[in-house]
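Listed here are the chains, written in short residue letters.
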Amino acid sequence: VAKQECEKIDRDPATLETSMLVLALIGDQVDADAVPDDFKQRAVVGTGEQVAEQLQAKVFGAGVDGVILSPVTLGGYVPGGITAVAEALSPLMSG
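What counts as what
- Residues numbered from 1 in each chain as written.
- Predicted model: local features only at pLDDT ≥ 70, side-chain atom pairs only at ≥ 80, totals over all residues.
- Heavy atoms only, no water.
- Helix = DSSP H or I, 4+ residues; strand = E, 2+ residues; numbered from the N terminus.
- Rg over C-alpha atoms; globule rule 2.2 N^0.38 Å.
- pLDDT = per-residue confidence, 0-100.
- Core = buried A, V, L, I, M, F, W, Y, C linked by side-chain atoms within 4.5 Å.
- Buried < 20%, exposed > 50% of the residue type's maximum accessible area, 1.4 Å probe, protein only.
- Contact = heavy atoms within 4.5 Å.
- Pairing = 2+ DSSP bridges.
- Polar contact = N/O pair within 3.5 Å; in protein donor to acceptor, adjacent residues only side chain to side chain.

Focus on the overall build of the protein
Of regular secondary structure, the protein possesses three helices and three strands. Helices and strands appear in the protein in the N-to-C order α-β-β-α-β-α. The C-alpha radius of gyration of the protein comes to 16 Å, more than 25% above the 12 Å expected for a compact globule of 95 residues. Taking the principal axes of its C-alpha atoms as reference, the protein extends roughly 50 × 30 × 20 Å.

This is the structure:
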């Protein structure tokens, strides 16, 4: 759809910035089976490092420019969970 709309206004689709909303289930005890099938493409699970690896594969590796991350820590607030994701993502974002 985006490509067709760009053609209508003579715009190169490569000039569009893209982003993806991704649900991040953060925690050592989180299993991918907890994610309903309908959400698996837009969800990442696990530790901060695992979440970052999955974002690289599902989002950045697919050519998407950015991510809007909706973090969830299961079992309530987990100190350092969101920080661990940010630290693991930092090298991906700066490179």
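Don't stop here, the text continues.
Remarks on the confidence of the model for the protein
Residues with a pLDDT of 70 or more make up 98% of the protein, whose mean pLDDT is 86. Averaged pLDDT values over the elements of the protein bottom out at 79 in helix 3 (residues 81-94) and peak at 92 in strand 2 (residues 43-46).

Observations concerning the nonpolar core
If you look at the biggest cluster of nonpolar residues, it comprises 13 residues, and the most contacted ones within it are Val22, Val44, Val51, Leu55 and Val59. Elements with a contribution of two residues or more to this core: strand 1 (19-26), helix 2 (48-58) and helix 3. Per-element tally for this core: the top contributor is strand 1, with four residues. Setting aside residues no more than four positions away along its own chain, Leu55 makes contact with Val22, Val44, Phe60, Val67, Leu69 and Leu89.

Examining the environment of Asp65
For Asp65, the position within the fold is in the loop between helix 2 and strand 3 (66-73). Overall, the relative accessible area of 44% leaves Asp65 in the partly exposed class. Each C-alpha atom of the pair Asp65 and Glu17 lies 6.1 Å from the other, and the pair is 48 residues apart in sequence. Non-local contacts of Asp65, meaning those with residues more than four positions away in its chain, are made with Leu16, Glu17, Thr18 and Phe60.

Considering unusual backbone geometry
For Asp10, which is not glycine, the phi torsion reads 55 degrees and is therefore positive. Within the fold, Asp10 resides in the loop between helix 1 (2-8) and strand 1. A relative accessible area of 73% places Asp10 in the exposed class.

Focus: the pairing of strand 1
Direction of pairing for strand 1 relative to strand 3: parallel, over a ladder of eight bridges. Following the sheet pairing, Leu23 is matched in strand 3 by Ser70. Pairing geometry for strand 1 and strand 2, over four bridges, is parallel. Residue pairing for strand 2: Ile26 is matched across the bridge by Gly46.

Some points on the environment of Lys8
Considering the arrangement of structural elements, one finds Lys8 in helix 1. A sequence separation of 38 residues divides Lys8 from Gly46, and the C-alpha atoms of the two residues are 43 Å apart. In terms of polar contacts, Lys8 uses its side chain to reach the side chain of Glu5, at 3.1 Å.

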